[in-house]
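Notes for the structure review
The residues making up each chain are set out below.
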Amino acid sequence: MPVPIIIDCDPGHDDALAIMLAAGDPAVDLLAVTTVAGNQTLDKTTLNARRVCTVAGITDVPVAAGCDRPLVQPLGVAADVHGATGLDGPMFPAPTVDAVPEHAVDLIHRLLAEHPEPVTLVPTAPLTNIALLLRRYPEDASRIREIVLMGGSTERGNRTPAAEFNILTDPEAADIVFRSGVPVTMCGLNVTHQALATPEVVARFVALGTPLGRICADLLTFFGSTYRELYGFSSPPLHDPVAVARVIDPGLVHCVDAHVDVELHGRYTRGATVVDLHRSTGRPANARVAVTLETSLFWDRLVAAVAVLGERAHGPASS
Ligand code: RIB
Ligand code: CA
């Protein structure tokens, strides 16, 4: 039986591929796409989610906008990574998929109540919506199967030397989630940096011969240009689909149990995920922490998902 999931995202190039993986892989049932401010402002991340759903033919999944700023600190976007639109690179047609009027938190709450079994939440963005859900509807914790998030790191950060972008953007929200008691799996930079979209990977999307495959290649090409310029990466790490892959097949993403704290007060370390990998604090684990990606199988699943969507949306590939 496919695992019911909701993606909470801030498209964002890697969020876009995460949405496609969730919609195209039969192992998961994508119930909704909710958006939050992060990579770009909420209006842009929501427009981008609508664009992705339009070009991927994802027309039966509600898209709902959530919080337009973090719980406490001001919003800081990542236009240097994702561009002024938040999804620079490809030219997108006007979206035909609209957003529903419900706030993301209320939509998630309603779907959790209506679904016959607990639902997996897959946040690939700052955790503002998820934290607000847990505060506004505490009874929902028992209706969440687990939270499998992209964020944090067992090592260095990317937005500061200590902090990863999703956690740094809203550290208070992340702290609420890690302390919530809901089962949490953290897919941090230490594992997502194993998902490098090399030229060979990009060529696999082009080789699909569909407009969607071309759009994915263009997304990866732009993402690669900013990662090369900002971080000196030869190929960009495709962070967000790793969290979806963990739900699709836990054997794709190997994890260890560990205690994770979110640093809220450090002058130089605010937003860091402090991961007790060697149980030196003696505190019980509150998360599964991803450490190894089955990289080749990961790319196979992602390319296959885009192939399915592309043929469903545009018909058989051109020769
Ligand atoms: O640090 C990487 C994360 O921040 C990814 O989710 C990316 O989309 C940005 O949101
Ligand atoms: Ca993201």
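Below: a short report on this structure. Residue numbers here run from 1 along each chain, matching the order of that chain's written sequence. In the order they appear in the text, chains get letters beginning with A and ligands get numbers beginning with 1. In view of the model being predicted, local features appear only for residues whose pLDDT reaches at least 70, and side-chain atom pairs are presented and counted only at 80 or more, with totals across whole chains, interfaces and linings using the full set of residues. Excluding hydrogens and water, the side-chain values take into account all heavy atoms of the structure.

**Concerning the site of ligand 1**
A molecule or strand has a residue near it when one of that residue's heavy atoms lies within 4 Å. Lining the immediate surroundings of ligand 1 are 13 residues, of which Asp14, Asn158, Glu164, Asn166 and Asp240 lie closest. A distance of 2.8 Å separates an oxygen atom of ligand 1 from a polar side-chain atom of Asn158. Polar contact is defined as a pair of N or O atoms within 3.5 Å, subject to the rule that within protein one atom must be able to donate a hydrogen and the other to accept it, and that residues adjacent in sequence are counted only when both atoms are side-chain atoms. Side-chain polar atom of Asn166 to an oxygen atom of ligand 1: 2.9 Å apart, as the coordinates give it. A 1.4 Å probe and the Shrake-Rupley method give the accessible areas. Residues count as covered only by the protein chains that appear here. Protein contact buries 97% of the 270 Å² of open area that ligand 1 shows by itself. Within the shell around ligand 1, the residues separate by chemical class into 2 nonpolar, 6 polar and 5 charged. Here the term charged refers only to Asp, Glu, Lys and Arg, the term nonpolar to Ala, Val, Leu, Ile, Met, Phe, Trp, Tyr, Cys and Pro, and the term polar to all other amino acids, Gly among them.

**Considerations on the coordination of the calcium ion (ligand 2)**
Geometry sets the ideal angles at a metal, namely 109.5 degrees for four tetrahedral donors and 90 or 180 degrees for six octahedral donors. With water omitted from the atoms examined, metal sites may look incomplete; donors here are N, O and S atoms no farther than 2.8 Å from the metal, or 3.2 Å in the case of Na, K and Ca. Coordination of the calcium ion (ligand 2) by the protein involves Asp10 (OD), Asp15 (OD), Asp15 (OD), Thr124 (O) and Asp240 (OD), with metal-donor separations of 2.2 to 2.6 Å. All donors of the calcium ion (ligand 2) belong to a single chain; written as a sequence motif, their spacing is D-x4-D-x108-T-x115-D. Placement of Asp15 in helix 1 (residues 13-24) and of Asp240 in helix 11 (residues 240-248) is noted, with a sequence separation of 225 residues between them. Exposed residues in this analysis have more than 50% of their type's maximum accessible area, buried residues have under 20%, and partly exposed residues fall in between, with area computed by a 1.4 Å probe over protein chains only. Overall, Asp15 belongs to the buried group, its relative accessible area being 0%. For Asp240, a relative accessible area of 1% corresponds to the buried category. Comment: elements are numbered from the N terminus, with helices defined as DSSP H or I runs of at least four residues and strands as E runs of at least two.

**Quick notes on helix 10 (residues 211-231)**
Take the number of residues in a helix, subtract one, and multiply by 1.5 Å to get its expected span. Here helix 10 is 21 residues long and its end C-alpha atoms lie 30 Å apart, about the 30 Å a rise of 1.5 Å per residue gives. Turning to helix 10, its buried residues are Leu212, Gly213, Ile215, Cys216, Ala217, Leu219, Leu220, Phe223, Gly224, Thr226 and Tyr227. By the convention used here, residues are in contact when the closest approach between their heavy atoms is within 4.5 Å. The inward-facing, buried residues of helix 10 abut helix 1, helix 2 (42-55), helix 3 (79-82), helix 9 (199-206) and helix 12 (295-314). Gly232 lies just past helix 10 and shows a positive phi near 70°.

**A look at a nonpolar patch on the surface**
Nonpolar side chains collect at one region of the surface, where Leu71, Val72 and Leu132 lie side by side and expose about 240 Å² of accessible area between them. Summarising the element assignment, Leu71 is placed in the loop between strand 3 (63-65) and helix 3. A patch consists of residues whose relative accessible area exceeds 30% and which take part in no salt bridge; residues with like charges are grouped when within 9 Å of each other, and nonpolar side chains (Val, Leu, Ile, Met, Phe, Trp, Tyr) when within 5 Å. Salt bridges, as used here, are contacts in which a Lys or Arg side-chain nitrogen is within 4 Å of a carboxyl oxygen on Asp or Glu.

**A closer look at the packing of helix 1 against helix 12**
Under this scheme, a helix contributes an axis fitted over its contacting stretch, all axes are lines through C-alpha atoms, and angles between N-to-C directions fall in the 0 to 180 degree range. The contact between helix 1 and helix 12 brings their axes to 8 Å, and the two run at 75°. Put simply, helix 1 runs roughly perpendicular to helix 12. Note on element contacts: helix 12 touches helix 1 through Arg301, Leu302, Ala305, Val306, Val308, Leu309 and Arg312, opposite Leu17, Met20, Leu21, Ala23 and Gly24. Among the residues forming the contact of helix 1 with helix 12, the class breakdown is 9 nonpolar, 1 polar and 2 charged. To sort the angles, those under 35 degrees are grouped as roughly parallel, those over 145 as roughly antiparallel, those from 65 to 115 as roughly perpendicular, and the leftovers as oblique.

**Describing the environment of Asn39**
Turning to its location among the elements, Asn39 is positioned in the loop between strand 2 (28-35) and helix 2. Classification of Asn39 by relative accessible area gives buried; the value is 5%. C-alpha separation for the pair Asn39 and Gly83, spaced 44 residues apart in sequence, amounts to 9.0 Å. Contacts of Asn39, omitting those with residues within four sequence positions, involve Asp10, Gly12, Asp15, Val77, Ala78, Ala79, His82 and Phe165.

**Some words on the packing of helix 4 (residues 104-114) against helix 5 (residues 128-136)**
At a minimum axis distance of 9 Å, the contact between helix 4 and helix 5 shows a crossing angle of 60°. Viewed along their axes, helix 4 and helix 5 adopt a mutual orientation that is oblique. Remark: the crossing between helix 4 and helix 5 carries right-handed chirality. In this structure, helix 4 uses Ala104, Val105, Ile108, His109 and Leu112 to contact helix 5, whose residues at the interface are Asn129, Ile130, Leu132 and Leu133. Classifying every residue of the contact of helix 4 with helix 5 gives 7 nonpolar, 2 polar and no charged. Left-handed describes a crossing whose near helix is turned anticlockwise from the far helix through less than a right angle; right-handed describes the clockwise counterpart.

**Regarding the sheet that holds strand 7 (residues 253-262)**
Note: two strands are recorded as paired if DSSP finds a minimum of 2 bridges between them. One open sheet accounts for 9 strands, arranged 3-2-1-4-5-6-9-7-8; its pairing is mixed. A strand with exactly one partner marks an edge of an open sheet, and here the two such strands are strand 3 and strand 8 (273-276). Geometrically, the sheet is characterised by an average inter-axis angle of 30° between neighbouring strands, direction not taken into account. Bridge count between strand 7 and strand 9 (residues 287-293): 6 bridges; the pairing is antiparallel. Pairing of Val253 across the sheet is with Leu293, part of strand 9.

In short, geometric facts, not functional conclusions.
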